[in-house]
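Observations on the three-dimensional arrangement
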Amino acid sequence: MIDSKTRAAYFFTLPTLLFFVIIFYIPIGFAAIMSFHRWSVLGSAKFLGWRNYEEIFTRSPIFLIALKNTFLFTFGYVVLIVISSLFVAAFINKLGRLGIPLKTACFLPVISSMVGISIVWKWIYQPHFGLANQLLGYIGLGPFSWLMSPATAMISVIIASAWKRMGLYVIILLAGLQNIPEAQYEAAKIDGASKFQLFRHITLPLLWPVILFVIVIVTIRGLRAFTQIFIMTRGGPGNATRVAAIAIYHTAFRTFQMGKGSAMAFILFILIFVLSYFQIRFFSSTTD
Amino acid sequence: MIIKNKKNFVLKGGKVILVSAIILVLTFTMLIPFITMISTALKETKELLAVPQTMIPRHPTLENFSTSWQAAPFGRYYINSLFVSSVLTASCLFFSSLTGYAFSKFRFRGHKLMFFLILGTMMVPFQVIMIPLYVMMAKIGWADTYQGLIVPSMITSFGVFLMRQYIGSIPGELIDAARIDGCGELHIYWGIILPNIKPALAALAIYTFTVTWDEFLWPFIIISSTNLRTIPLGLAMFESRVEMMQMLTWNILIAASLIAMLPVLVAFLFLQKYFVRGMTFTGLKG
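Structural notes, computed from the coordinates. Keep in mind it's a predicted model, so treat the numbers as computed, not measured.

Glancing now at the interface of chain B and chain A. The interface is formed by 92 residues belonging to chain B together with 89 residues belonging to chain A. Regarding the contact of chain B and chain A, the summed buried area is about 8,100 Å², with carbon and sulfur atoms giving 81% of it. If you sort the residues of chain B by the area they bury against chain A, Met30(B), Gln127(B) and Ile131(B) come out on top, with a joint share of 8%. Connecting chain B to chain A are one salt bridge. As a salt-bridge pair, Glu239(B) and Lys122(A) come within 2.7 Å of each other at their nearest N and O atoms. The tally of links from chain B across to chain A stands at ten residue pairs in polar contact (both at pLDDT 80 or more). The greatest single-element share of the side of chain B that touches chain A, amounting to 14 residues, is contributed by helix H1 (residues 13-41) of chain B. When grouped by side-chain class, the residues that make up the side of chain B that touches chain A number 64 nonpolar, 19 polar and nine charged.

Here you go:
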């Protein structure tokens, strides 16, 4: 006989557990089953075995291109965010109260509407009337085609995406920096350490867990990116910015290939999982 | 010129100029798209097509705002977003705190496994479940409905995790004392746990509201009727319609975007501290 305490505990947790089973685990199983079938929602499903997966890797290059684009995007996204937010955070750390307006300015893009921001950047990137080419023209660069050309579309999307999100990591890295006790720096300075040595032997090691956290989080986010890319380019021009999330959406909801879409989604899932695992392992080992 | 900041650095002459310049450049870089938004939204179409563009419109006009407001039912989109985000935030707060409390302060059979199952869902990208979820919703007639839009997002494992962490810092003696006094379990939850986790609740509320307000992919999949659209979806549809018609009316489009973004921006400027705390969960003790 369970006592009232335990009864309450189950009462508090079972609804939530049930929710997750219905919203996550059943759909995951459903998606797995679907990935082995051809199904368009209307009509019956045809069992295909591994054929969807085979086709993805051999016959329809679309998803392989999408995977390549996804890696490209994520790589640029992570590098740009980590480097820029690290520098900005380090800079703000030295400013004290003077840094408050800059902190606000950094965070404003983070909480702004993704769709709205994507639209603005589309306008900024407009080759004839947009701000980007206008500003670059003042210093003698450009004009570039930005979102209009396959060669530049990806970097354009990366820049806009990184701009929007980096403020969040500025704040996070800043908190990490401020957690480093001043005493460590003082002691090292007394020992005659240079600024560079301070950074390399105190700041970097103590900040490294936070940096790793940021890298992993941003990577996962980058691999799943959809909205801003969709709004800015719809995956184009051609397939230049067709990332996995867009390919999956298109396959499932535009061409109604639920089975193939599910297979793609699973491949993405495994990719994210494996990549995160190796990232954590690789980067953790460097802290020793 | 000498400036002292909080750390009592004394900056002399040239360094001040350098530091100020960097601050200005960085701030400007972060704000430029917003400045562009305001500038473009206030421009007449003639000025829009001028090369080069001026930052300050020569004949500023507010008619882009009224045009876009009439071109699409933004009022309706607002109401939808408000409704959906409020419901989702309330639901998330309630279930996360209740379940987080149970995992934090109770020992019962299977609690480790259950928590692991709930946490495990964080690993799964939305792309995997969005296809079957849509099929499930369609099969029970919830496609293109508020329920279909709301229900899949009602509880987040992140919320449960956060609440469990935070509630862990409430001393067990407080709860035991209440039990000895004969307090019912729900009563303890309502009267002791909730009041003691207000900062975490506020942070989770802001976080959930902000994230659900900006959600695009799921509404895009599940909603097809205009009058159920949330702001992100409505704005995106408006944009694709404008683009399809090949009208170079960026001023109207940007004005519409501004209309869509304004409430959150204004809320942010007043509640900045809570926003930052909510999105980063830094500065929360416990």
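Having put the structure on the table, let's press on.
Another aspect to go through is the layout of surface pockets. In this structure, the second largest pocket occupies an estimated 620 Å³ of space. Among the elements of the structure, helix H3 (62-93), helix H4 (100-111), helix H5 (114-124), helix H6 (131-138) and helix H7 (150-178) of chain A together with H1 of chain B are those that each provide at least two residues to the lining of the second largest pocket. Ranked by the residues each element gives to the lining of the second largest pocket, the list is headed by H1(B), at seven residues. Considered class by class, the residues forming the lining of the second largest pocket number 24 nonpolar, two polar and no charged.

Side chains that are nonpolar tend, in soluble globular proteins, to be buried together. Core analysis: the biggest nonpolar cluster contains 193 residues, and Phe63(A), Phe73(A), Phe107(A), Tyr249(A), Tyr101(B), Ile197(B) and Phe216(B) have the highest contact counts within it. Here this core gets 16 residues from one element, more than from any other, and that element is helix H14 (residues 250-280) of chain B. Apart from the residues within four sequence positions on either side, Phe216(B) is in contact with Val115(A), Phe226(A), Thr227(A), Phe230(A), Ile231(A), Pro232(B), Leu233(B) and Ala236(B).

All names here are of chain A. Of all six residues in strand E2 (residues 42-47), zero are buried; the element is thus mostly exposed. Examined bridge by bridge, strand E1 (residues 37-40) and E2 share three bridges and lie antiparallel to one another. What sits directly across from His-37, in E2, is Phe-47. Two successive antiparallel strands, E1 and E2, enclose a turn made up of one residue, where Val-41 displays a positive phi of approximately 75°.

Cut-off values and rules
- Residues numbered from 1 in each chain as written.
- Chains lettered and ligands numbered in written order.
- Predicted model: local features only at pLDDT ≥ 70, side-chain atom pairs only at ≥ 80, totals over all residues.
- Heavy atoms only, no water.
- Contact = heavy atoms within 4.5 Å.
- Buried area = accessible area lost by both parts, 1.4 Å probe.
- Salt bridge = Lys/Arg side-chain N within 4 Å of Asp/Glu carboxyl O.
- Polar contact = N/O pair within 3.5 Å; in protein donor to acceptor, adjacent residues only side chain to side chain.
- Helix = DSSP H or I, 4+ residues; strand = E, 2+ residues; numbered from the N terminus.
- Nonpolar A, V, L, I, M, F, W, Y, C, P; charged D, E, K, R; others polar.
- 1 Å grid on protein atoms, 1.4 Å probe; cavity = no way out; pocket = protein on both sides within 12 Å on 5 of 7 lines; lining within 4 Å.
- Points joined across faces, edges and corners; volume = space filled by probe spheres on them.
- Core = buried A, V, L, I, M, F, W, Y, C linked by side-chain atoms within 4.5 Å.
- Buried < 20%, exposed > 50% of the residue type's maximum accessible area, 1.4 Å probe, protein only.
- Pairing = 2+ DSSP bridges.

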